[in-house]
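Chain by chain, the residues run as shown.
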Amino acid sequence: MAEGELSARKNDHLDIVLDPARAKSRADNGLAAIVFEHCALPELHLDEIDLRSTLFDKALSAPLLISSMTGGAARAARINLHLAEAAQELGIALGVGSQRIALESDADQGLTRQLRRLAPDIALLANFGAAQLVAGFGLEQARRAVDMLDADALIIHLNPLQEAVQRGGDRDWRGVLAAIEQLARRLEVPLVVKEVGAGISADVARRLVDAGVAAIDVAGVGGTSWAAVEAERAHTPAQRAIASAFTDWGIPTAEAIVAVRAACPNSLLIASGGIRDGVDVAKALRLGADFAGQAAAVLHGATRSSAAVVEHFHTVIAQLRVACFCTGSRDLAALRQAPLLPRGAARR
């Protein structure tokens, strides 16, 4: 596909995702059904609750990842600069959007080592799509993607549903797992595999971990629906109808977290997919995630300034801290053991 066409597609994606009414999944992420047992006597100082975590040997102030959201569009350069500046100030991790165009052309779209210079202390994750691994990309492109940013890890994103309903999408996914396994064995940095909003099952996660993948990002149903996005981009009623039928397709985030943690008890697990606030972060961690990621929720702020991104995550972190406080959890290890109410006992 020509660079100009890819860039136009990415611009369309940004426009649509910035309007949640056009991009939101019809399905719920499942976290609303999870309710903590309130602790009326926490015996803690709120300000001393420890949210610190570590991702790929980088110490972070909170278990948060700014998830991949932009890549390919020229205006994404400004967004990525804002995200990098904010991630450094906040002390949280950052995953960039797809570097496919940057790897196939001279148009880096701001995906350069400038991001590392702006964010020298955080975990920074490179990214391109799994479909490219059977369409010409390999170890050379993976190393270039990492080197382009001086990244700590490489994300390979899975988006078969989006590709299936997208005009000009990548239809041939034969051999993707074998290509991921080969890359995981040879690449010098850890490999992260993430979905983009339809979830990862226990079986797929186990196969990926057995192939050498270091971390799984479940990216479940409940946030942006890329089927809905592609329905908005459809040129014909038939294309729109095909994509629209899948706007609630996939595994809800809460179910994916539980299933993948059970299947991969010792693997790094990232929860994303409709994570709305710090309470959702707390629920995701309680269900078994090590980190939680947000993308669309912060995109509006990222188009304006790094300060807007910082303000957004200050709120999320404060909410997570209160959730710890009101479950009597002095740190993340305690939060992961916090009592939950029995199913059906919550809000009636």
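What you see is a predicted model, and the numbers here were worked out from it, not measured in a lab.

Criteria and cut-off values
Residues numbered from 1 in each chain as written. Predicted model: local features only at pLDDT ≥ 70, side-chain atom pairs only at ≥ 80, totals over all residues. Heavy atoms only, no water. Helix = DSSP H or I, 4+ residues; strand = E, 2+ residues; numbered from the N terminus. Expected span 1.5 Å × (residues − 1). Buried < 20%, exposed > 50% of the residue type's maximum accessible area, 1.4 Å probe, protein only. Contact = heavy atoms within 4.5 Å. 1 Å grid on protein atoms, 1.4 Å probe; cavity = no way out; pocket = protein on both sides within 12 Å on 5 of 7 lines; lining within 4 Å. Points joined across faces, edges and corners; volume = space filled by probe spheres on them. Nonpolar A, V, L, I, M, F, W, Y, C, P; charged D, E, K, R; others polar. Phe/Tyr/Trp six-rings, centres within 6.5 Å; stacked < 30°, edge-to-face > 60°. UniProt positions renumbered as here; feature names shortened; annotations may be inferred. Axes fitted to C-alpha atoms, helices over the stretch in contact; angles between N-to-C directions. Parallel < 35°, antiparallel > 145°, perpendicular 65-115°, else oblique. Left-handed = near helix turned anticlockwise from the far one by under 90°. Polar contact = N/O pair within 3.5 Å; in protein donor to acceptor, adjacent residues only side chain to side chain. Pairing = 2+ DSSP bridges. Right-handed = clockwise from strand over helix to strand, strands pointing away.

K.L.:
Let's hear about helix 15 (residues 306–325): which residues, and what values?
P.N.:
Helix length check: helix 15, at 20 residues, gives a terminal C-alpha distance of 28 Å against a target of 28 Å (1.5 Å per residue), a fit within 8%. For helix 15, the full list of buried residues reads Ser306, Ala308, Val309, Val310, Phe313, Val316, Ile317, Leu320, Arg321, Ala323 and Cys324. Of the surrounding secondary structure, the elements contacted by the buried residues of helix 15 are strand 3 (64–66), helix 3 (76–90), helix 13 (278–287), strand 10 (291–294), helix 14 (296–304) and helix 16 (332–335).

K.L.:
Requested: an account of the layout of surface pockets, with residues and values cited.
P.N.:
Its boundaries defined by the atoms lining it, the second largest pocket holds a volume of some 290 Å³. As for the second largest pocket, its lining consists of 14 residues, and the residues nearest its centre are Leu158, Pro160, Trp173, Val204 and Arg207. Listing elements by their share of the lining of the second largest pocket, those giving two or more residues are helix 8 (176–186) and helix 9 (202–210). Residues belonging to the lining of the second largest pocket are distributed by class as follows: ten nonpolar, two polar and two charged.

K.L.:
Provide a residue-level description of the packing of aromatic side chains, including the pertinent values.
P.N.:
Under the definition given, this model contains two aromatic pairs. When the ring of Phe128 is compared with that of Phe137, the centres are 5.1 Å apart and the planes differ by 80°; the resulting orientation is edge-to-face.

K.L.:
Outline the environment of Arg207, listing residues and values.
P.N.:
In this fold, Arg207 is placed in helix 9. Along the sequence, Arg207 and Cys264 sit 57 residues apart, while their C-alpha atoms lie 9.7 Å from each other.

K.L.:
Quick rundown of the UniProt feature "domain: FMN-dependent dehydrogenase" (unreviewed entry) in the protein chain? Include the residues and the values.
P.N.:
In this numbering, the UniProt entry assigns the feature "domain: FMN-dependent dehydrogenase" (unreviewed entry) to residues 178–337. Along residues 178–337, the helical share is 55% and the strand share 10%, with 37 Å between the first and last C-alpha atoms.

K.L.:
Describe in detail the packing of helix 14 against helix 15, supporting the description with residues and values.
P.N.:
As a packed pair, helix 14 and helix 15 sit with axes 6 Å apart at the nearest point and diverge in direction by 150°. Taken as axis vectors, helix 14 and helix 15 run roughly antiparallel relative to one another. For the pair helix 14 and helix 15, the contacting residues are Ala297, Val298, Gly301, Ala302 and Arg304 in the first and Ala308, Val309, His312 and Phe313 in the second. Across the contact of helix 14 with helix 15, the residue classes break down as six nonpolar, two polar and one charged.

K.L.:
Can you break down the packing of helix 13 against helix 15 residue by residue, with the values?
P.N.:
Packing of helix 13 against helix 15 leaves a shortest axis separation of 7 Å and a crossing angle of 55°. The angle between the axes of helix 13 and helix 15 places the two elements in the oblique class. By crossing handedness, the relation of helix 13 to helix 15 is classed as right-handed. Where helix 13 abuts helix 15, its residues Gly278, Val279, Val281, Ala282 and Leu285 lie against Val316, Gln319, Leu320 and Ala323. The residue inventory of the contact of helix 13 with helix 15, partitioned by class, reads seven nonpolar, two polar and no charged.

K.L.:
I'd love a proper account of the side chain of Ser25, names of residues and values included.
P.N.:
Here Ser25 is to be found in the loop between helix 2 (20–23) and strand 1 (53–55). From its side chain, Ser25 meets the backbone oxygen of Thr247 in a polar contact 3.0 Å long.

K.L.:
Tell me about empty space enclosed by the protein, and please be specific about residues and values.
P.N.:
Enumeration according to the criterion identifies two cavities of 30 Å³ or more in this entry. If you add up the space inside the largest cavity, you get close to 110 Å³. Around the largest cavity sit 16 residues that line it, and Leu161, Gly197, Ala198, Trp226 and Ala227 are the ones nearest its centre. Sorting the residues of the lining of the largest cavity by element identifies helix 7 (160–165) and helix 10 (226–233) as the ones contributing at least two each. Ranked by the residues each element gives to the lining of the largest cavity, the list is headed by helix 7, at three residues. Across the lining of the largest cavity, the residue classes tally to eight nonpolar, seven polar and one charged.

K.L.:
Explain the sheet that holds strand 3 to me, and be specific about the residues and the numbers.
P.N.:
Around the barrel, which closes on itself, the eight strands sit in the order 3-4-5-6-7-8-9-10 with parallel pairing between neighbours. Strand after strand, the sheet turns through a mean of 25° between neighbouring axes, direction not considered. Here strand 4 (residues 93–95) runs beside strand 5 (residues 124–129); their pairing, made up of two bridges, is parallel. Bridged to Leu94 within strand 5 is Leu124.

K.L.:
So what's going on with the side chain of Ser225? Which residues, and what values?
P.N.:
Assignment of secondary structure puts Ser225 in the loop between strand 8 (215–217) and helix 10. Engagement of the side chain of Ser225 in a polar contact is seen with the backbone nitrogen of Ala228, the distance being 3.0 Å. For Ser225, the residues in contact, after removing those within four places along its chain, are Ala23, Lys24, Ser25, Phe246 and Thr247.

K.L.:
Lay out the pairing of strand 7 (residues 191–195) with the relevant residues and their values.
P.N.:
Counting buried residues in strand 7 gives five out of five residues, a clear majority hidden from the surface. With burial as the criterion, each face of strand 7 is covered, one bearing Leu191, Val193 and Glu195 and the other bearing Val192 and Lys194. For strand 6 (residues 153–158) and strand 7, the ladder comprises five bridges, and the chain directions are parallel. If you follow Ile155 over to strand 7, its bridge partner there is Val192. Note that strand 7 and strand 8 share three bridges and pair parallel. Residue Lys194 lies in a different strand from strand 8, and its bridge partner there is Asp217. You can see the chain leave strand 7, run along helix 9 and come back into strand 8, and the turn it takes is right-handed.

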